[in-house]
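# Structural description and commentary
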Amino acid sequence: MKLTVYGAEQKCASCIHLPSAKETMEWLEAAVSRKYPDREIHFRYVDIEAPESDEEKSYAERILDDEFFYPLVVLNGEVIAEGDPRLPQVYQSIEQAQPE
């Protein structure tokens, strides 16, 4: 399973009082790893100013075009949360997802 968090060093305008996207990824990694210690989940942070793969470029462009808010959380290629992700929603998505 692959969980990717997209974001930028600069916080979005509506995220002033929230952690940065990178801090959000670290928080999600810690929480998810504790809840699902037996699941193989790979975590990745992608800076929207420096995407590498075509998929990353696509999501970065969509964020920059204001289609999504960041941090954007993507599980196995499917958007599961944006802005201020909620753990119950992330957990539910993980439980419903099929391993890659």
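Rules used throughout
- Residues numbered from 1 in each chain as written.
- Predicted model: local features only at pLDDT ≥ 70, side-chain atom pairs only at ≥ 80, totals over all residues.
- Heavy atoms only, no water.
- Salt bridge = Lys/Arg side-chain N within 4 Å of Asp/Glu carboxyl O.
- Helix = DSSP H or I, 4+ residues; strand = E, 2+ residues; numbered from the N terminus.
- Buried < 20%, exposed > 50% of the residue type's maximum accessible area, 1.4 Å probe, protein only.
- Core = buried A, V, L, I, M, F, W, Y, C linked by side-chain atoms within 4.5 Å.
- Contact = heavy atoms within 4.5 Å.
- Arc of directions from axis to C-beta.
- Phe/Tyr/Trp six-rings, centres within 6.5 Å; stacked < 30°, edge-to-face > 60°.

## A look at the pattern of salt bridges
In total, this model carries 5 salt bridges according to the counting rule given. When the shortest N-O distance is used, the salt bridge between Lys-2 and Glu-55 registers 3.6 Å. Of this pair, Lys-2 sits in strand 1 (residues 2-7) while Glu-55 sits in helix 2 (residues 54-64), and the two are 53 residues apart along the sequence. By relative accessible area, Lys-2 is classed as partly exposed at 32%.

## Quick word on the nonpolar core
Counting 20 residues, the largest nonpolar core has Leu-3, Val-32, Ile-41, Val-73, Leu-75, Val-90 and Ile-94 as the members making the most contacts within it. Elements supplying a minimum of two residues to this core: strand 1, helix 1 (21-35), strand 2 (42-47), strand 3 (72-75), strand 4 (78-82) and helix 3 (87-96). Broken down by element, this core gets its largest block of residues, 5 residues, from helix 1. Apart from residues no more than four positions distant in its own chain, Ile-94 is found in contact with Met-1, Leu-3, Val-32, Tyr-36, Arg-39, Ile-41 and Leu-75. Of all hydrophobic cores here, the second largest spans 11 residues; its members include Tyr-6, Val-46, Ile-48 and Tyr-59.

## Digging into helix 3
Taken together, the buried positions of helix 3 are Val-90, Tyr-91, Ser-93 and Ile-94. Each buried residue of helix 3 sits inside an arc of 160° when the element is viewed along its axis, so together they form one side. In helix 3, the exposed positions that point more than 90 degrees away from the buried face belong to Pro-88 and Gln-96. Tucked inside the fold, the buried residues of helix 3 contact strand 1, helix 1, strand 3 and strand 4.

## A closer look at the environment of Gln-96
Turning to its location among the elements, Gln-96 is positioned in helix 3. Each C-alpha atom of the pair Gln-96 and Tyr-45 lies 22 Å from the other, and the pair is 51 residues apart in sequence.

## Concerning the packing of aromatic side chains
A complete count under the given rule lists 3 aromatic pairs for this structure. Pairing Tyr-6 with Tyr-59 gives two aromatic rings, centres 5.2 Å apart and planes at 45°, and the pair type is tilted. On the criterion of sequence distance, the pair formed by Tyr-6 in strand 1 and Tyr-59 in helix 2 is long-range, its members being 53 residues apart. On the accessibility criterion, Tyr-6 (1% relative accessible area) is buried. Of the residues examined, Tyr-59 reaches a relative accessible area of 8% and is grouped as buried. Judged by centre distance (6.4 Å) and plane angle (45°), the rings of Tyr-59 and Phe-68 are tilted.

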